[in-house]
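Residue-level listing of the chains:
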Amino acid sequence: MNRSSAPLPALRVCTPGGNYDIVIARGALTDPRAWAGLPAAQQAVIVSNVAVAPLYAATLQQALAPHYARVSLLQLPDGEEHKTWETLNLVFDHLLGSGCDRKTVLFALGGGVIGDMTGFAAACYMRGVPFVQVPTTLLAQVDSSVGGKTAINHPRGKNMIGAFHQPQRVVCDLATLDTLPQRELAAGLAEVIKYGPIADADFLGWIEAKLPALLARDADALAHAIGRSCEIKAWVVGQDEREAGLRAILNFGHTFGHAIEAALGYGQWLHGEAVACGMLMASALSARLGLVPQGFVDRMQALLERCGLPTRAPAIGSARFIELMRIDKKAEGGEIRFVLIEAPGHAIVRAAPDALVREVIECHGGARAS
Ligand code: NAD
Ligand code: GLY
């Protein structure tokens, strides 16, 4: 079978908001099969940033040229601190300035910041246009590009303004990870690790065994990690697209993590770094509630440390930490709800006494130095 007739490896995501493929292949950007069969339109717009566009936009523009009469490129500023209304408006300025209509297809080329903002712009522009995720970070390939959550940050809370809007397709080209800085790779590994404790104990063991290969960017190891992560995410999102219940488990570590990001200022810690520290704190809270033995916490700490991910929280102060966590989207009536681990592979969502939460913050360095 030649390259043009064999189907590309893909996983299917099925949600009430739309069914679509996640294509996972090295070289997908230049493979015509990755781009066939998308919604027809006169125009396509590639939304990227000033760091990623010079690396991959020309290749994507070339790949899309046979399908659209005009393919324009918008380069946004780079960084979590730019995931704002002001930057979102630059997308609308470009779409309106280019005469984009309701059929125009947006292509999000970049990490989770670009994916979340482009998806949100697509959800809003003319009350909704199609978009395609082309994730270029490990974090975006294993998590943010799948499932249709789109958002921008508010100074008071992470991802607080957004919409559910499913992409038409997700195209992961594993070769784009070759240029990813090592710190970003490690941050992406945090979200890969997440899937083990919440859904697949065997996968957690596999990650522990294969960590040297993952950190060395071994192609087979990365392909398996991305494929299994996307399978789990597709399974969860397929059952609970709008986070009525089950989907909340994907936020393991995020309640503590989002508070760290908001307290320090977006972009100080990488999202995956904050999630890593948050997963350890949520594991410790699970142990204090008697759900898992301390050995599980030690196991998580050892794995995160091997990745070079932070396991000590910044000294935000317990009161501020708790105040920020009350703004979390899972909070109900001001009561913080945490994703906790009952056993490797099994997560639950529940509240915890403030006193225990404070103990965990203090034990992990989050209390203000006196
Ligand atoms: P990011 O988008 O900021 O990308 C990280 C950095 O890597 C940026 O500087 C980017 O320009 C650069 N980069 C991207 N691809 C590159 C490449 N191939 N080579 C070299 N440099 C490259 O960060 P991220 O970690 O990808 O995403 C984090 C964001 O994702 C956060 O805003 C988080 O809230 C969001 N997120 C959303 C979901 C969701 O379900 N929607 C899930 C998880 C995370
Ligand atoms: N990353 C959390 C979610 O997609 O629900």
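In this convention, every chain numbers its residues from 1, walking through the sequence in written order. Here chains are named by letter from A upward and ligands by number from 1 upward, in the order in which they appear as written. Residues qualify for local features only when their pLDDT is at least 70, as the model is predicted, and side-chain atom pairs are given and counted only at 80 or more; totals for whole chains, interfaces and linings, by contrast, use all residues. Excluding hydrogens and water, the side-chain figures rest on all heavy atoms present in the structure.

K.L.:
Summarise the sheet that holds strand β1 (residues 10-15); cite the residues concerned and give the values.
P.N.:
Spatial strand order, β1-β2-β9-β6-β5-β3-β4: seven strands in an open sheet with mixed pairing. With partners counted over all chains shown, the strands left at the sheet margins are β1 and β4 (70-76), one partner each. On average, each strand axis in the sheet is inclined to that of its neighbour by 15 degrees, with strand direction left out of account. Across the sheet, helix α2 (residues 85-97) touches β3 (43-49), β4 and β5 (105-110), and the angle it forms with β4 is around 160 degrees. Should DSSP find at least two bridges between two strands, the strands are taken to pair. The helix count covers DSSP runs of H or I at least four residues long, the strand count covers runs of E at least two residues long, and both are numbered beginning at the N terminus. With axes taken as lines fitted to C-alpha atoms, and helix axes fitted only over the stretch in contact, angles between N-to-C directions fall between 0 and 180 degrees. Residues are treated as being in contact if the distance between any of their heavy atoms lies within 4.5 Å.

K.L.:
If you had to explain the packing of helix α8 (residues 254-264) against helix α11 (residues 318-325) to someone new, which residues and values would you point to?
P.N.:
Geometry of a packed helix pair, given as the angle between the helix axes and the separation of the axes. Put simply, α8 and α11 touch, their axes get as near as 9 Å, and they point 110 degrees apart. Classified by the angle their axes make, α8 and α11 are roughly perpendicular. Handedness of the crossing formed by α8 with α11: right-handed. Along the contact surface, α8 presents Thr255, Phe256, Ala259, Ile260, Ala262 and Ala263, while α11 presents Phe321, Leu324 and Met325. Polar here means any residue other than Ala, Val, Leu, Ile, Met, Phe, Trp, Tyr, Cys and Pro, which are nonpolar, and Asp, Glu, Lys and Arg, which are charged; Gly is therefore polar. For the contact of α8 with α11, a count of residues per class yields eight nonpolar, one polar and no charged. Oblique is the label for every angle not falling under 35 degrees (roughly parallel), over 145 degrees (roughly antiparallel), or within 65 to 115 degrees (roughly perpendicular). Left-handed describes a crossing whose near helix is turned anticlockwise from the far helix through less than a right angle; right-handed describes the clockwise counterpart.

K.L.:
Give a description of the site of ligand 1 that names residues and reports values.
P.N.:
Distances are taken per atom, and a residue is near a molecule or strand as soon as one of its heavy atoms is within 4 Å of it. In the neighbourhood of ligand 1, 28 residues make up the surrounding shell, with Glu80, Lys83, Thr136, Thr137 and Thr179 lying closest. Definition of a polar contact: a pair of N or O atoms within 3.5 Å, with one able to donate and the other able to accept a hydrogen when the atoms are protein atoms, and with sequence-neighbouring residues admitted only if both atoms are side-chain atoms. Taking Thr179, its side chain carries an N or O atom lying 2.7 Å from a nitrogen atom of ligand 1. Here the Shrake-Rupley method, with its probe set to 1.4 Å, supplies the accessible areas, and only the displayed protein chains count as covering residues. For ligand 1, the protein covers 90% of the area, taking 870 Å² as the surface of the free molecule. For the shell around ligand 1, the elements supplying multiple residues, two or more each, are α1 (53-64), α3 (112-124), α4 (138-144), β8 (157-164) and α5 (182-199). For the shell around ligand 1, a count of residues per class yields eight nonpolar, ten polar and ten charged.

K.L.:
Can you lay out the environment of Phe131 for me, pointing to particular residues and giving the numbers?
P.N.:
Tracing the backbone shows Phe131 in strand β6 (residues 131-135). Put simply, Phe131 and Leu185 are 54 residues apart on the chain and 25 Å apart in space, counted from C-alpha to C-alpha.

K.L.:
Before we move on, can you summarise the side chain of His94 with the specific residues and values?
P.N.:
Note that His94 resides in helix α2. The contacts of His94, once residues within four sequence positions are left out, are Val45, Ser72, Leu73 and Leu74.

K.L.:
An account of the site of ligand 2 is requested, with residue identities and associated values reported.
P.N.:
Near ligand 2 the following residues occur: Asp143, Lys149, Lys233, Glu243, Arg247, Leu250 and Asn251. At 2.8 Å, a side-chain N or O of Lys149 approaches an oxygen atom of ligand 2. At 2.6 Å, a side-chain N or O of Lys233 approaches an oxygen atom of ligand 2. Its residues assigned to classes, the shell around ligand 2 comprises one nonpolar, one polar and five charged.

K.L.:
Which residues make up the packing of α11 against helix α12 (residues 354-363), and what values go with them?
P.N.:
α12 packs onto α11 with a crossing angle of 120 degrees between their chain directions and a minimal axis gap of 10 Å. Judged on the interaxial angle alone, α12 and α11 are oblique. Note that α11 runs across α12; the crossing there is right-handed. Side by side, α11 and α12 meet where Ser318, Phe321, Ile322 and Met325 of the first sit next to Asp354, Val357, Arg358, Ile361 and Glu362 of the second. Here the contact of α11 with α12 is composed, by residue class, of five nonpolar, one polar and three charged.

K.L.:
Which residues make up α5, and what values go with them?
P.N.:
A helix is expected to span 1.5 Å multiplied by its residue count minus one. In a regular helix each residue adds 1.5 Å, so 18 residues correspond to 26 Å; α5 covers 26 Å between its end C-alpha atoms and thus fits that length. Relative accessibility decides the category of a residue: with a 1.4 Å probe and only protein chains considered, values under 20% of the type maximum give buried, values over 50% give exposed, and everything between is partly exposed. Here α5 lies mainly inside the structure; 14 of its 18 residues are buried.

K.L.:
Give me the pairing of β5: which residues, what numbers.
P.N.:
Counting buried residues along β5, six of its six residues qualify, which places the element largely inside the surrounding structure. Sheet topology note: the β3/β5 ladder contains four bridges and is parallel. Across the sheet, the residue bridging to Val45 is Leu106, located in β5. Examined bridge by bridge, β5 and β6 share five bridges and lie parallel to one another. Note on β6: the bridge partner recorded for Gly110 is Pro135. For the handedness criterion, the β-α-β arrangement of β5, α3 and β6 is classed as right-handed. We call a crossover right-handed when, viewed with the strands running away from us, the connection from the first strand over the helix to the second turns clockwise.

K.L.:
Quick rundown of the packing of aromatic side chains? Include the residues and the values.
P.N.:
Stacked, edge-to-face and tilted labels apply to pairs of Phe, Tyr and Trp rings (six-membered ring for Trp) whose centres lie within 6.5 Å, assigned for plane angles under 30 degrees, over 60, and everything in between, in that order. Tallied over the full model, the rule gives six aromatic pairs. Relative to Phe120, the ring of Trp85 has its centre 6.2 Å away and its plane inclined at 50 degrees; by these criteria the two rings are tilted. On the criterion of sequence distance, the pair formed by Trp85 in helix α2 and Phe120 in helix α3 is long-range, its members being 35 residues apart. Accessibility expressed as a relative area gives 45% for Trp85, which makes it partly exposed. Arranged with centres 6.2 Å apart and planes meeting at 65 degrees, the rings of Phe256 and Phe321 form a pair that is edge-to-face.

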